[in-house]
Amino acid sequence: MLNITKNLLSRRVALAAIAVAAVSVSVLSVSGPAVAEDKKDLKVGIISGEDEDVWRVVTAEAAKKGLTIETVVFNDYTQPNEALERGEIDANAFQHLPYLENQIKTNGYKIVPVGYTGVWPIGLYSNKHKTLADLPEGAVVGVPNDPSNEGRALRVLQNEGLIKLKDGTGILATIADISENPKKLEIKELDAGIVGRSVEDLDAAVVNTDWALKSGLTADNRIAQEPVADNPYRNFIAVREASKDEPWVKPLVEAYQNDAVKAEFDRVYKGTGISAY
């Protein structure tokens, strides 16, 4: 009887040890670092339109590096950062630093840039006037109403001598910061997605290049443009701050920054956008 009892106890101890070992293996298999290092499937948020063609090539280049990219297409600028912050996507590619900084200030996002993509010099477009000199006194000029792009648009007008902003005005200038307006322009603040489609009803409008393309505007309609040199509005791929050192980040950036993607970028944007890496 004693031997039987000892055998039963030994078996119980052995089974308990096996159970503990199994739990330990299970815990190790789902630990955070191991999963992060093995991550191969990525969701990247982009804006609908021409960039979808560019990212088809990026996806093909990423596959060569062992990454599978699923693009998640958004129709406005407010959604991709919120989706990234919530972990619904792994990265996004649609914004410049002034926009991100304003989003961080407003929403507290922990998002950082990891690699540049392109720059789209913002322009002043008109269907009624061929040159800046043709703009009449009291002309109605549309500008985007979101903080980063409104300041950008007003600087285009200032660079061309149409207005002057108060000294010390930052990149988030608004119409309240206009100190001189010799032509008595009427500045209309409109949604970035609407201002380009409103050119017919305005004397001129400062329009982001992507929205200009969507609105059917071309270089023939552009009567002024911001300078490209030292442009602070380069777009980039962004990730959550906690992900910036993950091993998939570098190959993701490399999948964009190459000759194959540049060729497609140039084809799609027809010179209105410029690779910026």
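Because the structure is a prediction, the values reported are computed rather than measured. (Residues numbered from 1 in each chain as written. Predicted model: local features only at pLDDT ≥ 70, side-chain atom pairs only at ≥ 80, totals over all residues. Heavy atoms only, no water.)

## Things to note about the sheet that holds strand β12 (residues 222–225)
So, step 1. The five strands lie next to each other as β10-β7-β11-β6-β12, forming an open sheet whose pairing is mixed. At either end of the open sheet lies a strand with only one pairing partner, and these are β10 (186–190) and β12. Averaged over neighbouring strand pairs, the angle between their axes works out to 25° when direction is ignored.
So, step 2. Bridging between strand β6 (residues 123–125) and β12 involves three bridges; their strand directions are antiparallel. (Pairing = 2+ DSSP bridges. Helix = DSSP H or I, 4+ residues; strand = E, 2+ residues; numbered from the N terminus. Axes fitted to C-alpha atoms, helices over the stretch in contact; angles between N-to-C directions.)

## Remarks on empty space enclosed by the protein
So, step 1. Applying the stated criterion across every chain, the model contains two cavities of 30 Å³ or more.
So, step 2. Taken as a whole, the largest cavity holds about 330 Å³ of empty space.
So, step 3. Lining the largest cavity are 25 residues, and of these Tyr-77, Phe-94, Trp-120, Asp-210 and Asn-235 lie nearest its centre.
So, step 4. Looking at the lining of the largest cavity, the elements that each hand over two or more residues are α3 (50–64), β3 (91–96), α6 (147–159) and α8 (209–214).
So, step 5. For the lining of the largest cavity, the element with the highest residue contribution is β3, accounting for four residues.
So, step 6. Here the lining of the largest cavity is built from residues that sort into 11 nonpolar, nine polar and five charged.
So, step 7. What lines the second largest cavity is Tyr-125, Thr-209, Ala-212, Leu-213, Leu-217, Thr-218, Ala-219, Arg-222 and Thr-272.
So, step 8. Counting residues per element, the lining of the second largest cavity draws most heavily on α8, at three residues.
So, step 9. Residue composition of the lining of the second largest cavity, grouped by class: five nonpolar, three polar and one charged. (1 Å grid on protein atoms, 1.4 Å probe; cavity = no way out; pocket = protein on both sides within 12 Å on 5 of 7 lines; lining within 4 Å. Points joined across faces, edges and corners; volume = space filled by probe spheres on them. Nonpolar A, V, L, I, M, F, W, Y, C, P; charged D, E, K, R; others polar.)

## Here's the deal with the pairing of β3
So, step 1. The element β3 is extensively covered by neighbouring structure, given that six of its six residues are classed as buried.
So, step 2. Bridging between strand β1 (residues 41–47) and β3 involves two bridges; their strand directions are parallel. Bridge pairing links Val-44 to Ala-91 in β3.
So, step 3. Of the pairings in the sheet, the one linking β3 to strand β13 (residues 235–240) comprises five bridges and is antiparallel in character. Counterpart to His-96 in the pairing with β13 is Asn-235. (Buried < 20%, exposed > 50% of the residue type's maximum accessible area, 1.4 Å probe, protein only.)

## Thoughts on the packing of α3 against helix α10 (residues 259–269)
So, step 1. In contact at an axis separation of 9 Å, α3 and α10 are set at 170° when each is read in the N-to-C sense. Taken together, the axes of α3 and α10 lie roughly antiparallel to each other. The chirality of how α3 crosses α10 is right-handed. Each of Glu-50, Asp-51, Asp-53, Val-54, Val-57, Val-58 and Glu-61 in α3 lies in contact with α10, whose residues at this interface are Ala-260, Val-261, Glu-264, Phe-265, Arg-267, Val-268 and Tyr-269.
So, step 2. Partitioned by chemical class, the residues of the contact of α3 with α10 number eight nonpolar, no polar and six charged. (Parallel < 35°, antiparallel > 145°, perpendicular 65-115°, else oblique. Left-handed = near helix turned anticlockwise from the far one by under 90°. Contact = heavy atoms within 4.5 Å.)

## Comments concerning the confidence of the model for the protein
So, step 1. For the protein, per-residue confidence averages 87 on the pLDDT scale, and residues scoring 70 or more make up 86% of the total.
So, step 2. Every residue in residues 1–37 scores below 50 in pLDDT, and together they form six contacts with partners more than four places removed in sequence or on other chains. (pLDDT = per-residue confidence, 0-100.)

## Some words on α6
An α-helical turn contains 3.6 residues, so any two residues separated by three or four positions project in the same direction.
So, step 1. Its 13 residues place the ends of α6 19 Å apart at the C-alpha level, agreeing with the 18 Å of an ideal helix rising 1.5 Å per residue.
So, step 2. Within the sequence span of α6, burial applies to Ser-148, Asn-149, Glu-150, Gly-151, Arg-152, Ala-153, Leu-154, Val-156 and Leu-157.
So, step 3. Phi turns positive, to about 80°, at Gly-161, one or two residues after α6. (Expected span 1.5 Å × (residues − 1).)

## Points about the sheet that holds β3
Pairing between the strands of a sheet is mediated by backbone hydrogen bonds and can be parallel or antiparallel.
So, step 1. Pairing is mixed across the open sheet formed by five strands, whose spatial order is β2-β1-β3-β13-β4. The open sheet has two edge strands, β2 (68–74) and β4 (111–116), and neither has a second partner. Sheet twist, expressed as the average angle between the axes of neighbouring strands with direction ignored, equals 35°.
So, step 2. Docked against the sheet, α3 engages β1, β2, β3 and β13, running at close to 165° with respect to β2.

## What about the packing of α3 against helix α9 (residues 249–256)?
So, step 1. Relative orientation of the contacting elements α3 and α9 amounts to 130°, with a least axis distance of 8 Å. If you check the angle between α3 and α9, you find them oblique. Seen along the crossing, α3 lies across α9 with a hand that is right-handed. When α3 is examined against α9, the residues Val-54, Trp-55, Val-58, Glu-61 and Ala-62 are found in contact with a partner set consisting of Leu-252, Ala-255 and Tyr-256.
So, step 2. Residue classes in the contact of α3 with α9 are distributed as seven nonpolar, no polar and one charged.

## Thoughts on the layout of surface pockets
So, step 1. If you add up the space inside the largest pocket, you get close to 240 Å³.
So, step 2. The set of elements that each furnish at least two residues to the lining of the largest pocket consists of α5 (97–107), α6 and α7 (192–195).
So, step 3. Here the element with the most residues in the lining of the largest pocket is α5; it accounts for three residues.
So, step 4. Partitioned by chemical class, the residues of the lining of the largest pocket number five nonpolar, seven polar and three charged.

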